Each structure stands twice: as C-alpha cells, then as structure tokens.
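So the chains spell out like this:
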Amino acid sequence: MDEAERRERLGELAPEKLAELEIDDEADEHVLPDLPNAEAGEVVMRAAPNPNGPWHVGHARMPAVIGTYKERYDGEFICRFDDTDPETKRPDLDAYDAILEDIEYLGFEPDRVIRASDRLETYYDHARELIDLGGAYTCSCSGEAFSELKNAGEACPHRDKDVETVREEFAAMVDGEYGSGEMVLRVKTDIEHKNPALRDWVAFRMIDTPHPREEASEYRCWPMLDFQSGVDDHLTGVTHIIRGIDLQDSAKRQRFVYDYFGWEYPEVLHWGHVQVDEYDVKLSTSTIKELIEDGELTGWDDPRAPTIQSMRRRGIQGRALVDSMTDLGMSTSDVDLAMSSVYANNRDLVDDGANRYFLVRDREDDPAVELPIVDGDAPAPEAGHPRFHPEHPDRGEREVPAGRVVVESSDLPPEGERVWLKGYGPVRYEGDELAFLDADIEIVREGDVDVIHWAPAEEGLDTLLRTVDGDVRGIAEPALADVDPDTVVQFVRVGFARIDALDSEATDEDDGPHGSEDLVAYYAHP
RNA sequence: GCUCUGGUGGUGUAGUCCGGCCAAUCAUAUCACCCUCUCACGGUGAUGACCUGGGUUCGAAUCCCAGCCGGAGCACCA
C-alpha cells in the first residue's frame, strides 16, 4: 500500500486522524519561524543588494526567505539597490539587471525596485531636518583623530557648533564644496555610549569619484548605509528587516535617528554568514570578480564559480536553491550550506522530466576505449534501443548505432568475462573486440553481469562536459543531437546535466571548447 | 581592549521562552539490503549530536553560574 492508499484507508477508518496528519503536513511546510508581530497583508520586506556584481549563491538566501514570507503573509517584497558608494564599493552598471534576473530565476518578482542613488534629495531633506532638530553636526576631524576621541568617550570641538553653522556647512557639502575627507555630517548620539560602535557615527561624507550612473554622477555628498537605509526603510514602510550579523549594530545606530524623527523602528532579524562546501572559491563578489579578471574563471556562469548564474547554466532550478536556503532557517550563527542538499532538492525536481542518454567519458585516468562488436554465439544487432526514461515507456526509445563502440575502460570486465551494454545486449570482452552473446537478461538478474553505458565510436557526438571540477571530454550518443539546448538530461551512470549548445564556439581557454565539439553540456550533479 | 552575539549527529534543522510526553525531530550525507537493463527514482534498515564543568530540582538540551570555543562590530565599505 503506498502513501496515498494508506491515507485513503485512514480517511475511511478515522477521518479525524487524517485531518491531524494533514495539519502536521502543513506545519512541515512552514520551515521558517513565524515573523514577530506580523499581520497578514501588512508585511513589507526588502532585499537591499549592493549592485557591485551578479550574485553568488549566498545571496539567494535573502530573496528565498523574503519571497517565502511574502507568500505566507501576503506581503510586499522590495528590491532596493543600496548603491551609495561610488568608490570603494563601486556599483557595476550591469549588476542591477543581473541581480534582477537572478531574483527572477529564483522564482520571485519584487513588487518595487528602487535605487538609493535616485533618492539623494530625499536623504538631504532628512539630513537638514535632523540638523534642525539638533541631531547632527558637521565635523572636519580626520578619521583617526575622531576615532581617538571617540574611543576615549570625548566629544570633538565640532559637536557644539550652532545649528546655523551646521546648516551652512552641510549645504556646502551638498554643493560639493569640500573634497573627499574634508567634512562629514555626524549623527549626534551619545559620545559616552558604552558601545563605542554607536558613538556619533558618520551619516554623510564627501566622495570625489562620480557615481557610475549618469543620473547620479553630479552628486559628491553621499549618505552612509546606516543613514540611507534607515531613512528608506521608514519611508518605504518596511515592517521587517532581515540582515546579516555584520550589521548587528545598525539597528542600534539607526534608532538614534528614528528617535529624533519620532519614527517606530521595524522588527529586525539577524542571521549568520553562509558558507558553501564543494567550492574552492570564497563566497565573495569581489573575490569572484578578481578571479574572472585574472582569467581563473571564464565568467560569472563558469561552472566552477559559486554563483547563481553558474547554477542556472548547470540546469539547477532556482526552486532547488530556494528550498535549501529556507531549510537553513533563521539562526544567527554561521551556517554551512551543503551543496548536496541543493542537489537533492534539484533531483526531486528534474528526475522525472530528464530523459536518459549515454555519455562515455574519456578521462586521463579512465580513458574511453574503442572496440568493435562482432558476432559471437549470436549475430550482433545493428543498434541498441534504450528507453528515454525507465519509468516512462510511453516516451519511447532512442536508437544507438552499434558496430564500433566506446566504453569507459573501468567498465570493462576482465578479459573473457561478460558485460551487458545497456539497451543493447550481452557481449563478451575478448581483448580487442566485444563478441555478442546468446543470453538473456537473466544473466544480469543473477548478478553476474554488470550493465554499462556505451556510445557509437563513429556516429557519436564529440562532447565537452563542463563541471565544477573542470572540463571532461567524451563521446555521446547521436540522439542528443535532437535535444534542444537548455534541456536537462541525465547521462546514465554519470549524472544530470544541462545541454548548453549543439555546436561549440572556440574559446582561448586552455581547456575550454575548441570549436570542434558537437555538443557542450554543463554538469549539474549526480 | 571595549561592545554585541552564538554553540543539538558530517551538514542543516526541530525541541530551549513556559524543565518531565526527548535514552532527542525531520531532511541531507554515508553504509547495507530490496527494487531496477545495476544510473537516477522508490522502499527498508543502520551510522551519528545536546561545547565543558559546577549548581538548582524528584527530574535539565531546556533554568542559574563559571569556563572553553566560534562569529560580528568598534570605517569618511555595504
């Protein structure tokens, strides 16, 4: 009796028990904890990426979690680009759209997309208001000088300037009359606060480098994250903020501004950093960017890169990544995401749809060997006919021409022993040929004979399989030529892969496509 | 140094607020077996964890104290 039947029986015998079971099921789907003080229809959350590059897999967590809560609470999902540093975290103009595409691939669509660099006047207005409230002062101390005073809990001489002067100096900042480092606007908090991180922090500073977006290129006076983000969260009606533990003090800093304005601070949740196993590459936009610039990686979608674009090119569905991310929960400690969990989720999603094909790999430590199939105790058929999918006979069978074939050398039995070519039949390995045998599938069922995959030597497709661990060459069966690019297939006994192209374009990579391949595929996982 | 913050199997997670139903949940991983033209899927089983030490209590993963270990902030980065 399978699960469905069991439930049906239970429904007849004890309906109330079945109802309990179903309630439990529903609870299971809520992997994430409830949001504090959340009311359906009134939850607003935002992802606030810095557009300094396309996303790595760790970035999937924010849209995954926000998107999941949005669905649960019928809330709103804002994507706000916090692009207020034209210099050290300089925005990459292509990254805005790349990030939006990454979000779409994950299966979400932001209800609103905004850019902080469009909103400078708003921040200036709030700064002026804050100055009038006596909550901010212009300061020309050097960073080091102020830091020393701050650590000693002492105010700098600028702290007591009269509002009029502050107003004028801030206007001069906005007008770009100071150079980088000459003047900042500080929020007046508590210079003796026991946590030094909260003492009179910088709200605006001067940056000489123009912003890469043309619309914002004239501005020189830029808000710091805590000011900009704090103002925007309030103005856009954000009710729940999720941020990393690196921003643990942000809420405490921003509360000073909220208090000046009489605003109510949103609920805040923090979570730890995500690391991903299986990659040598650090999960960091700038590191990946450097590797690409140095030619160590071919691009953001290099299969060896721990990026969203790479996942996508490998045929891993966004949903699989999202499920793994929500499984991570909301813990404040750092977590390691096991890629095997993403793969397990993806397998659930693609196994049923992925048709089966043969790819014989030709690796240095396990080369493909080419052998003719000859008549043995029985005449050798001209072709094999394996199913497209073991559980879907209705999808039909492929035709794999026999004659001269290739197999992976480690699959070959000892000389004189038998092996079953999947979808074709039994052969005996005779050193330089494979002799077709008069035997039926019983020899396999008895356990004496292994079943292996194979491909025709002549009609086979010269294939490049790009994997996390580097490129693998091989020969694939010709039926793959009829598969549309972007289809996810399973290479029998190898793993799932996405068909990338049916003819390759040459690259200047050491090991990349030479342009002669008939097929390029990206490996997903076993 | 100062200030936050956290520690449940290899990984993630439930349980911790309001001690007993927890000799600890679920998933993944690994191994074995079953199924199978031997991959994958599916099924069965096994492996494997409450950071340490005290205390409170009839009873502690849960409460208290100390220690150990980890992460973060103290930027004119986000």
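Bear in mind that the values here come from a model prediction, so they are computed numbers and not experimental data.

Colleague: What is the right way to look at the side chain of threonine 326 in this model?
Modeller: Tracing the sequence through the fold places threonine 326 in helix 12 (residues 318-327). Exposure remark for threonine 326: the relative accessible area of 6% places this residue in the buried category. Here threonine 326 is in contact with Val31, Leu32, Ala64 and Thr68, once residues within four sequence places are set aside.

Colleague: Any chance you could explain the environment of serine 147 here in plain terms?
Modeller: In this fold, serine 147 is placed in helix 6 (residues 143-151). Here the alpha-carbon distance between serine 147 and threonine 189, two residues 42 residues apart in the chain, equals 15 Å.

Colleague: I'm lost on the sheet that holds strand 23 (residues 461-467) in this one. Help?
Modeller: Through backbone hydrogen bonds, the strands of a sheet pair up, either in parallel or in antiparallel fashion. In space, the seven strands of this open sheet follow the order 12-25-26-27-23-24-13, with mixed pairing throughout. Of all strands in the sheet, those bounded by a partner on one side alone are strand 12 (356-357) and strand 13 (359-361). On the sheet, helix 13 (residues 339-350) packs against strand 25 (488-491), strand 26 (495-501) and strand 27 (519-525) and is oriented at approximately 120 degrees with respect to strand 27.

Colleague: Is there a simple way to explain the packing of helix 5 (residues 120-132) against helix 7 (residues 163-174) in this structure?
Modeller: A pair of packed helices can be characterised by two numbers: the angle between their axes and the separation between those axes. At their nearest, the axes of helix 5 and helix 7 sit 9 Å apart, and the two run at 165 degrees to each other. Relative to helix 7, helix 5 is oriented roughly antiparallel. Note on packing geometry: the crossing formed by helix 5 with helix 7 is right-handed. Of the residues in helix 7, those touching helix 5 at Tyr124, Ala127, Arg128, Ile131 and Asp132 are Val163, Val166, Arg167, Phe170 and Val174.

Colleague: Honestly, helix 4 (residues 95-105) in this entry has me stumped. Any pointers?
Modeller: Each full turn of the α-helix corresponds to 3.6 residues, which orients residues three or four apart in the same direction. Three or more residues of helix 4 are buried, namely Ala95, Tyr96, Ala98, Ile99, Asp102, Ile103 and Tyr105. Where helix 4 is buried, its residues touch strand 2 (76-81), strand 3 (112-115), helix 11 (308-313) and helix 12. Just downstream of helix 4 lies glycine 107, where phi reads positive at about 100 degrees.

Colleague: Would you mind going over the pattern of salt bridges with me for this structure?
Modeller: Overall, the coordinates contain 33 salt bridges when judged by the stated rule. Taken together, the salt bridges that share partners define one network made up of Asp301, Arg313, Asp486, Arg498 and Asp500.

Colleague: Explanation requested: helix 5 in the structure shown.
Modeller: The terminal C-alpha atoms of helix 5, which comprises 13 residues, lie 18 Å apart, in line with the 18 Å expected from a rise of 1.5 Å per residue. Buried within helix 5 we find Leu120, Tyr123, Tyr124, His126, Ala127, Leu130 and Ile131. Angularly, the buried residues of helix 5 cover 165 degrees about the axis, an arc narrow enough to put them on a single face. Within two residues after helix 5, glycine 134 carries a phi angle of roughly 75 degrees, on the positive side.

Colleague: Teacher, can you tell me more about the packing of aromatic side chains here?
Modeller: Tallying each qualifying case throughout the model produces 15 aromatic pairs. Taken together, the ring pairs in this structure connect Tyr124, Phe170, Phe204, Tyr219, Trp222 and Phe227 into an aromatic cluster. A cation over a ring is seen here: arginine 186 above phenylalanine 146, with NZ or CZ 3.2 Å from the ring centre. Across the ring face of tyrosine 96, the terminal group of arginine 213 is positioned such that the distance to the ring centre comes to 5.9 Å.

Thresholds applied
Each chain carries its own residue numbering, running from 1 in the direction its sequence is written. The naming scheme follows written order: chains are lettered A onward, ligands numbered 1 onward. Under the rules for a predicted model, residues below a pLDDT of 70 receive no local features and side-chain atom pairs below 80 are neither given nor counted, while totals for whole chains, interfaces and linings still include all residues. Values shown for side chains rest on all heavy atoms present in the structure; no hydrogens or waters enter the calculation. Counting from the N terminus, the helices are DSSP H or I runs at least four residues long and the strands are E runs at least two residues long. Here's how the labels work: a residue is buried when its accessible area is under 20% of the maximum for its type, exposed when over 50%, partly exposed in between, all with a 1.4 Å probe on protein chains only. Between two residues, a contact is recorded if the distance between any of their heavy atoms is within 4.5 Å. What makes two strands pair is DSSP finding at least two bridges between them. Angles shown run from 0 to 180 degrees and are taken between the N-to-C directions of axes, each axis being a line fitted to C-alpha atoms and, for helices, limited to the stretch in contact. When an angle is under 35 degrees it counts as roughly parallel; over 145 it counts as roughly antiparallel; between 65 and 115 it counts as roughly perpendicular; any other value is oblique. Helix crossings get a hand from a simple test, with the near helix turned counterclockwise from the far one by less than a right angle marking a left-handed crossing and a clockwise turn marking a right-handed one. Any Lys or Arg side-chain nitrogen located within 4 Å of an Asp or Glu carboxyl oxygen qualifies as a salt bridge. Take the number of residues in a helix, subtract one, and multiply by 1.5 Å to get its expected span. In this description, the arc belongs to the directions extending from the helix axis to the C-beta atoms. Aromatic pairs are defined between Phe, Tyr and Trp rings, using the six-membered ring for Trp, whenever the two ring centres lie within 6.5 Å; interplanar angles under 30 degrees are classed as stacked, those over 60 as edge-to-face, and all others as tilted. We count a charge as sitting over a ring when the NZ of a lysine or the CZ of an arginine lies within 6 Å of the ring centre and within 35 degrees of the ring normal.

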